[in-house]
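A look at the structure
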Amino acid sequence: MKKGYLVLADGQAFQGFRFGGEAEALGELVFTTGMCGYVETLTDPSYAGQIVLQTYPLIGNYGIIPEDFEGACHVKGYVVRERCRHPSNFRSAGDLEGFLKERNIPGLYGVDTRQLTRIIRESGVMNAMICDEIPADLTPLREYAVSGVVEAVTGKAPAVFPAEGGSPRFRVSLLDYGAKYNIIQELRKRGCEVTVLPASASAEDVLAQNPDGVMLSNGPGDPAENVCQIEQIKKLLGKVPLFGICLGHQLTALAAGGKTYKLKYGHRGANQPVRDLNGVRTYITSQNHGYAVDGASVSAGRVSFANANDGTCEGMDYPGLRAFTVQFHPEARGGPHDTAFLFDRFVDLMKGGDL
């Protein structure tokens, strides 16, 4: 049991025990409230540049399941209250310790995750580091910023995924800003052939595929940083049916002339309530984002979903542009699956339906 520390940018330090990789980590500390789905969390590219704190006290009890990976692991570090050394699950192909060690991602356990969560909720997300010794100079820690992460997590070349069940009903071009694999799977299940394109793809590259629809994926970081991607979305709006998730939602709003802003501590977990403003339902959703769209700033669209806790914008409809976007994750592999119908809505839009 090797001692280690989680040091916050405000100087607070928490002693715990190291596991996983032996490297030290510097990143933005965020918490996620999911009671399950840690495999999906660790492999979600949207966590690039961040140290992830799990609020649920026991992590690792059902092992590591490669079939549930959403992508490559881009987290900077991992903090838990208690780690399970001996998982029990017939699908498990390894344990949490081995997963982190193989990727040289440092973990820390035995710290008071409840207290840390309260600090973040009160003070907002802040930079932190996992280290063996408390550094005398915290300047590098305080100056750290998550930047350039979309380019770091996107695929480097186009890839085609065939539709399930034979000939495709539709062809979808998916712009990969850090796409979760289950977005592709949800489209394939609905008879779509999916061509995944790098984040650097131009609007001309996308339209050259002659797609029936365009999917804008989730991804990490500040949406306003992605100037080139926003310009390409401007060129795509109105040309072809479009569906955006998470970062794709934010980039579409910016392309339509809207604004985004950073939340105090973001929404991360599988229990976020979202109200449908076009109906009477409230859905429980999976989310992972630190920025939000200012719905009132988007004159070309209308807010379709709102967070039931804080009222922030959770979705936009663009009826005149044949586009709609959501902040939450309807494809969430670990659940809940309440909003998977939005993929059917996208299919209906590609058929010629209206929003």
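This text goes with the structure placed above it.
These numbers were taken from a predicted model, which means no experiment stands behind them.

Positionally, E331 belongs in the loop between β19 (323-326) and α10 (341-350). Counting along the chain gives 268 residues from E331 to G63, while the straight-line C-alpha distance between them is 22 Å. Every residue in contact with E331, bar those within four places of it in the chain, is listed here: K180, N182, I183, E186, I245 and F343. For E331, the side chain forms a polar contact with the side chain of H329, separated by 2.8 Å.

Here the focus is the pattern of salt bridges. Any two side chains of opposite charge can pair, so long as their charged atoms come close to each other. Under the counting rule described, the total for this entry stands at 16 salt bridges. Here D132 makes a salt bridge to K2, at a shortest N to O gap of 3.4 Å. Highlighted residues: D132 in the loop between β9 (126-131) and α4 (139-143) and K2 in the segment before β1 (3-8), separated in sequence by 130 residues. By relative accessible area, which is 22% here, D132 ends up partly exposed. Where R91 meets D68, a salt bridge forms, and the shortest distance between an N and an O atom there is 3.1 Å. Remark: D68 occurs in the loop between β5 (58-59) and β6 (77-80) and R91 occurs in the loop between β7 (82-83) and α2 (96-102); sequence separation between them is 23 residues. Its relative accessible area of 12% is what places D68 among the buried residues. One connected set of salt bridges, linked through shared partners, spans E186, K189, R190 and D344.

Cut-offs applied
Residues numbered from 1 in each chain as written. Predicted model: local features only at pLDDT ≥ 70, side-chain atom pairs only at ≥ 80, totals over all residues. Heavy atoms only, no water. Helix = DSSP H or I, 4+ residues; strand = E, 2+ residues; numbered from the N terminus. Contact = heavy atoms within 4.5 Å. Polar contact = N/O pair within 3.5 Å; in protein donor to acceptor, adjacent residues only side chain to side chain. Salt bridge = Lys/Arg side-chain N within 4 Å of Asp/Glu carboxyl O. Buried < 20%, exposed > 50% of the residue type's maximum accessible area, 1.4 Å probe, protein only.

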